Each structure stands twice: as C-alpha cells, then as structure tokens.
Amino acid sequence: MERKVMKKTLILGAALLLLIPALTAFGGQRKVLKVGVQMFENKIWDPAASYNNRTAQYHINLHDGLVRLSTMEVPYKVLPALATSWKEISPTVTEFKLRQGAKFWDGTYITAEDVKWSLERSINQDHPAYSSAFGRVLYNFEKVEIVNASTVRVHNRNPDPLKYVMLAQTTSAILSKKAFDAAASPEDFFTSPVGAGPYRIADFKQDSYVKFESWDGYWGEKPPLEELWYYSIKEPTARITALVNGEVDFIVDIPPDMKSAMDGKKGIKSQGVTLDMFYAWMFNMTRHPLKDQRIRKAISLAIDRDALNQGLYGGKGVTPTSHHYPGRTGYIPGWKIYEYNPDKARQLLKEANYDGSVVELSDCHYYYLYNDLATQAMAKMLEKVGINAKVVTYGPGSWPPKDPVEKYNMVRCWSNPMYFPDMMGGVDPHWAPSSWPYRQGQQPVIAEGGELHELYMGLYKKARFDPVPERRKRYYKQFVEFLEDEVTPFIIGYQPHLFFGMDEDIVFEAPANYRPYTMPFRAGDVTFK
C-alpha cells in the first residue's frame, strides 16, 4: 500500500486560540491541564446516554459508580467507590453497602433511590439513548432492590463472572435522580447531568472546548488538578502545533509518521501506545451481494492486514491473527484465523457466482484517524481479486438511517475496542445478541429463526457466562472461530499505534483496565514532576 501523508497542515484558528487560557508559570505542581483531542463530544456528558470512543476521554473523570477497577494493576482489582462493601446473597443477587455522606456536585446526598434509578433506566431502556449502555454493559442485569437507606441489592438475570467489571464501567455510574426529574427533558439532562465524580462541568462551548473543575465536596481523594480543559483540534498537525506553542499541554492520536514533529522540542515528550482496539468494517448481511457468506469470507481473505499496518503505522501497530489482544486477558499465542489469501478469495467468489455487484466500503476518517487511507487501500485489494469495490465517505450527521436495515451501510467502518479487561472484552460489546448490529437485524443468519441461531447462542452463552475461567477461554476460542468461519460478520483490520504528546513534567500512562481512549486524570492516575 502506498503511504500517504496528510494533505494539508492546519494550525489552530485565531478564534480558538483566544479561548485557550495563557500558559501559567507554575510555582509548584501544575493545577491546570489543557488537552487537545481529535474526537470531541459535542454535548452529552451523561455516560448512560453516550458510550463511545469520544466520551471515554471524559466520563471517567466526571462520574463514579458503585465500584471501580484498578487502573493499571494486572490482573485488575475491584475497588470500592460509592459502595464501601458488598457480598453475594445468591448466584444472581449481590448486596452493596452505600458510602455514607457521599454527595453529588450540587451538594445533595447520594441515596439508594439514585442507585436504583441510575442503573434501572438503562436496564429497562427507558430512553433510546440508553440502548448502548444496555446492549454493551447492563443487558444481564434485571433490577435494583432497595433494602434500606444504605443498602441495595443488584439482581442479575444469569450468574455472571463479570458482574463487578460491568458495574465498574462509566455507563453504570450513579447520577442524581432529583436533577433528572427537575430537567425539562431527558435530553436536557444528558447535556447538564449531575454526577458524583472528582471533577464537574464548569464551562462548555459547542465544537470548541469543555472545562472541568475539581470540587470540594468529593467523597474521595482530591484530584490533582483544579481545572481540566479539553479542546477540539481535529487535525494531528494542528494538535502538534498547539502543543509545541504551549497552547495545550497534552495531545492524543498522533500517528507514527508525525511523531518526528515533536522530537527534540524543548519541554515536551511523546509516548507511544498500541490501542487494545481493532479498526474494523462490519458487514450488513441483508445487502446484496453480502447475503452470501462465501463473498463475505472472500472479502476478509482479500485484505492484507500486514500491509495496512506497515503502510499506516510503519509496522508499529499489530497485525491481528485473531480477535484477541497481545498481552491482555484471553490472548492465545499461536492462534491464527485471519489470513491473507487472495487465491482462496477468488475461488470462493467463483463458487458463489459473484455477479460483479458493487460492494460499498464506508470511510469515516473524521472519526477514525487514517480511515480514508485504509479504506482506499482495501478497495484496491478487493479489486485485485475481482470485487467491484467503491469507497463511500461519511461525515458527522451524514450516515443513513438504521431503519430499514436493508438500506443501511453495506460495509460500515467501525472499531472493536476492548471495553473491559476480559477475553470477551472486545467481542461481547460488538457481536453479542445484545449488540446493536444484531438487534438492528444486520445478521439474519444468527438472528432468532436463522439457520445458525441455536449454535450461535449456545457458543455465546458458554463463552460469556461459564464460571470456570479456563473452560470459558476454550469456549471463547470456539465462539470467535465460529464467527469468522461460519458467519463472517466483519473484517478485522489492525490495532493502531498512536502517540500521546505532552509537556515533560506530566507522568501518565494509558490505563490497562479501561477501554481505549479512556484518560483518567484522577488522584493516582496522573502525576507531575
């Protein structure tokens, strides 16, 4: 694949620069941090209403749940948060003792009613915005029972080896029911929620910035910063310029071929990270010619994943062998199911009597860095085996409606992050029966009544719920192999390798136990020299 560079170099516009506070000469440890991001959440700060790569950057700093996971320690530990202790009443019922005296940002006390409402609104899908929180995290929870003012019992539908991990996700955060009831509409609350984390929202300008501030009423250890700013800076060159000029202190999503622009610059440093996330493309199996599994498999076989990794990331990313992440829970050395085999792809197309129909590949580079280059390269790879490929570029707000599914994207650009530290952490949120592609109807062959439904459900339940870790790992392997060989719902592309840029006094690492793009700036998660 021919390597391309960014077509244009942008600098921060004068209007935005005026919004960024002047750099302060800190006499001691810094108290203000300014972060430049590519993906900027425009208005939703309620974690149950928006759960994606954008919001992962912010929500962990704003919100607390009943429990937390240790940020870096592997294997993870489950830590107290708004619950101080817990015990299992039965295989499906867990009792939590609530932290007394803990408050929301507005000074009101957190109650058992807040816990019940916060979780059950997603469990019951009281609003369409909660579909992601339900489908990716809370689908196996049934209800919350109030025992008394300081005690709740959380009920699961099935015994769940991952129940504490799910309750530690930001979608399971506890927010103020009183504030929600007082809001003019759910949508108003989504943009102005009242949470209980160490930072609260202080200021916001659409498409420009958001300012968080620490507050004195937080129940836990005081956060290291008084102000935490995020700025929307869409182009990596502009983010680098802002860092070098001292306009921001920390930037994200810098590709390897631009790292040199930070090298040797006084007062700043770079830090590489391979994201526990696959850039992927999802097949809409209701669309011709993708109804035929042989054609979907041929497309997967035609993709040279190593060429994508080499061309886009100089080989610093990961060329996947299966749906697992090196060094993480569930990784199986030597396991290989994704292959580049153009001859086999051509044979499958011949067997399927492929008629030359157009296969549309979605490009959403506004969201995923270098997605345009990857999609263009993939189209050329498909053309080499005889597939009539076309790239269709989408921007914010230009996606087709999800209903009817038969008119939705043919091959949609997507990502499969490892949402939680488990072997199923990258598979379950995307390919489970609670996932949105499944519920939308994109996969009729495994849907209820479909030819492979019973086999799919049987393997999934074993991989997800078996209580014995080694046995569950074996089922997980079988489930992933079944998906690729029998269903082929996706093209798994590559794990990207990107760089942070930051002032040299900042000590920060991407967390091991939370999903990619999570940037915790809480006590213990970031320090300053």
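The shown structure was predicted, so the numbers you read here are calculated from the model rather than taken from an experiment.

Scoring rules and cut-offs
Residues numbered from 1 in each chain as written. Predicted model: local features only at pLDDT ≥ 70, side-chain atom pairs only at ≥ 80, totals over all residues. Heavy atoms only, no water. pLDDT = per-residue confidence, 0-100. Contact = heavy atoms within 4.5 Å. Salt bridge = Lys/Arg side-chain N within 4 Å of Asp/Glu carboxyl O. Helix = DSSP H or I, 4+ residues; strand = E, 2+ residues; numbered from the N terminus. Buried < 20%, exposed > 50% of the residue type's maximum accessible area, 1.4 Å probe, protein only. Axes fitted to C-alpha atoms, helices over the stretch in contact; angles between N-to-C directions. Left-handed = near helix turned anticlockwise from the far one by under 90°. Nonpolar A, V, L, I, M, F, W, Y, C, P; charged D, E, K, R; others polar. Pairing = 2+ DSSP bridges. Phe/Tyr/Trp six-rings, centres within 6.5 Å; stacked < 30°, edge-to-face > 60°. Lys NZ or Arg CZ within 6 Å of the ring centre and 35° of its normal.

A. Region of the structure containing the confidence of the model for the protein. Mean pLDDT for the protein: 94, with 95% of residues reaching 70 or above. Predicted confidence is poor over residues 22-27, with pLDDT under 50, and the contacts of this stretch with residues over four places away or in other chains come to five contacts.

B. Fine view of the pattern of salt bridges. Summed over all chains, the structure comprises 28 salt bridges. Asp 505 is the partner of Arg 30 in a salt bridge, and the nearest nitrogen-oxygen pair spans 2.9 Å. Linking Arg 30 in the loop between α1 (14-19) and β1 (32-37) with Asp 505 in the loop between β18 (497-503) and β19 (506-508), this pair joins segments that are 475 residues apart in sequence. On the accessibility criterion, Arg 30 (5% relative accessible area) is buried. On the basis of relative accessibility, which here comes to 19%, the residue Asp 505 falls in the buried class.

C. Up close: the packing of helix α15 (residues 453-465) against helix α16 (residues 469-487). Two elements in contact, α15 and α16, have axes whose closest approach is 7 Å; the angle formed by their N-to-C orientations is 145 degrees. In this structure, α15 meets α16 at a crossing whose hand is left-handed. Mapping the contact onto sequence places Leu 455, Tyr 456, Leu 459, Tyr 460, Lys 462, Ala 463, Arg 464 and Phe 465 in α15 and Arg 472, Tyr 475, Tyr 476, Gln 478, Phe 479, Phe 482 and Leu 483 in α16. Here the contact of α15 with α16 is composed, by residue class, of eleven nonpolar, one polar and three charged.

D. Broad picture of the sheet that holds strand β4 (residues 83-90). With antiparallel pairing, four strands are arranged side by side in an open sheet as β4-β5-β7-β6. If you trace the sheet from one side to the other, it starts and ends with β4 and β6 (141-148), each paired once. Looking at each pair of strands side by side, their axes are set apart by 25 degrees on average, direction ignored. Sheet topology note: the β6/strand β7 (residues 151-156) ladder contains six bridges and is antiparallel. Residue Asn 148 lies in a different strand from β7, and its bridge partner there is Thr 151.

E. Examining the packing of aromatic side chains more closely. What the rule picks out here adds up to 41 aromatic pairs. Here the aromatic rings of Trp 431 and Phe 490 are separated by 4.7 Å at their centres, their planes lie at 55 degrees, and the arrangement is tilted. With a gap of 59 residues between them, Trp 431 in helix α13 (residues 428-431) and Phe 490 in strand β17 (residues 490-494) connect regions that are remote in the sequence. Judged by relative accessible area, Trp 431 falls into the buried class, the value being 1%. In this structure Phe 490 comes out as buried when scored by relative accessible area, which is 1%. The structure contains a cluster of three or more aromatic residues connected by ring pairs, namely Tyr 279, Trp 281, Tyr 313, Tyr 366, Tyr 367, Tyr 368 and Tyr 494. A cation sits over an aromatic face here: Lys 402 above Trp 436, 3.7 Å from the ring centre.

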